[in-house]
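# Structural description and commentary
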Amino acid sequence: MPITLVNPDGLPEVDLYRQVSVATGSKLVFTAGQIARDADGNKVGEGDFTAQVEQCYLNVGTALAAAGATFDDVVKLTVYLVDWTPDKMALFTAGVARAAEKLGVTPAAPLTGVGVAALAEPDVLVEVEATAVLG
């Protein structure tokens, strides 16, 4: 496997992701930021943060599959969160868990969450992008 996920000694262990990703593969895959739209472009989960997180992760899974990748190949996730506050963490993890169950994966790659004032469309509450490495 071209990716090793690590929680090194000296850094806190986080359940949702690992602190470090070591990639030894040769093909890089970059997804565009995925928002809560279905394949036809219809809104999913308007005003529902958890539903939007779930759809974003499902869309990332679809984007990865188009390149022959899965969440097992992801070395880095970046999540943009509108009006982020720590009390939304349970809603975020619930959305990730629902998507992970549907996809049959454990998305544990290093993750950076970025609180933002707004995204490109006014009803979008979250956007997720991934970088993957294939052997």
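Up top is the structure.
Structural notes, computed from the coordinates. (Residues numbered from 1 in each chain as written. Predicted model: local features only at pLDDT ≥ 70, side-chain atom pairs only at ≥ 80, totals over all residues. Heavy atoms only, no water.)

## Describing the pattern of salt bridges
- By the definition in use, this model includes six salt bridges.
- Between Glu54 and Arg98 there is a salt bridge, and its shortest N-O distance comes to 2.8 Å. With Glu54 in helix α1 (residues 49-66) and Arg98 in helix α2 (residues 89-103), the pair connects residues that are 44 residues apart, well separated along the chain.
- Taking the relative accessible area as the measure of exposure, Arg98 reaches 37% and is therefore partly exposed.
- When salt bridges that share partners are traced, they join Arg37, Lys43, Glu46, Glu121 and Asp123 into one network. (Salt bridge = Lys/Arg side-chain N within 4 Å of Asp/Glu carboxyl O. Helix = DSSP H or I, 4+ residues; strand = E, 2+ residues; numbered from the N terminus. Buried < 20%, exposed > 50% of the residue type's maximum accessible area, 1.4 Å probe, protein only.)

## Focus: the sheet that holds strand β3 (residues 27-30)
- If you walk across this open sheet you meet the four strands as β3-β6-β4-β5, and the pairing is mixed. Only two strands of the sheet have a single neighbouring strand rather than two, namely β3 and β5 (111-116). For this sheet, the mean inter-axis angle between neighbouring strands, taken without regard to orientation, is 10 degrees.
- In the sheet, strand β4 (residues 74-82) pairs with β5 via six bridges, with the strands oriented parallel. Paired with Val82 across the bridge in β5 is Val116.
- Lying on the sheet, α1 is in contact with β3, β4, β5 and β6 (126-134); it crosses β6 at an angle near 30 degrees. (Pairing = 2+ DSSP bridges. Axes fitted to C-alpha atoms, helices over the stretch in contact; angles between N-to-C directions. Contact = heavy atoms within 4.5 Å.)

## A closer look at the packing of aromatic side chains
- Overall, the coordinates contain three aromatic pairs when judged by the stated rule.
- Pairing Phe49 with Trp84 gives two aromatic rings, centres 6.2 Å apart and planes at 40 degrees, and the pair type is tilted. Within this pair, whereas Phe49 is found in helix α1, its partner Trp84 is found in the loop between β4 and α2, the two being separated by 35 residues in sequence.
- With a centroid separation of 5.9 Å and 10 degrees between ring planes, the pair formed by Tyr57 and Phe71 is classed as stacked. Taken together, the positions of Tyr57 in helix α1 and Phe71 in the loop between α1 and β4 put the pair 14 residues apart, joining distant regions of the chain.
- You can call Tyr57 buried: its relative accessible area is 2%.
- Cluster of aromatic residues (ring-pair linked, three or more members): Tyr57, Phe71 and Phe92.
- In this structure, Lys88 is placed above the aromatic ring of Phe49, and the distance from its NZ or CZ to the ring centre is 6.0 Å. (Phe/Tyr/Trp six-rings, centres within 6.5 Å; stacked < 30°, edge-to-face > 60°. Lys NZ or Arg CZ within 6 Å of the ring centre and 35° of its normal.)

## Topic: the side chain of Asp73
- Tracing the sequence through the fold places Asp73 in the loop between α1 and β4.
- The side chain of Asp73 is buried and forms no salt bridge, while Lys27, the nearest opposite charge, is found at 9.7 Å.
- Filtering out sequence-adjacent residues up to four positions away, Asp73 remains in contact with Ile3, Gly68, Thr131, Ala132, Val133 and Leu134. (Lys, Arg positive; Asp, Glu negative; His and termini not counted.)

## Considering α2
- Here α2 is 15 residues long and its end C-alpha atoms lie 21 Å apart, about the 21 Å a rise of 1.5 Å per residue gives.
- Listed as buried for α2 are Phe92, Gly95, Val96, Ala99 and Ala100. End-on view of α2: buried residues confined to an arc of 135 degrees, all on one side of the axis. With respect to the buried face of α2, the exposed residues turned more than 90 degrees away are Ala90, Glu101 and Lys102.
- Considering only its buried residues, α2 is in contact with α1, β4 and β5.
- Residue Gly104 follows α2 closely and has a positive phi angle near 70 degrees. (Expected span 1.5 Å × (residues − 1). Arc of directions from axis to C-beta.)

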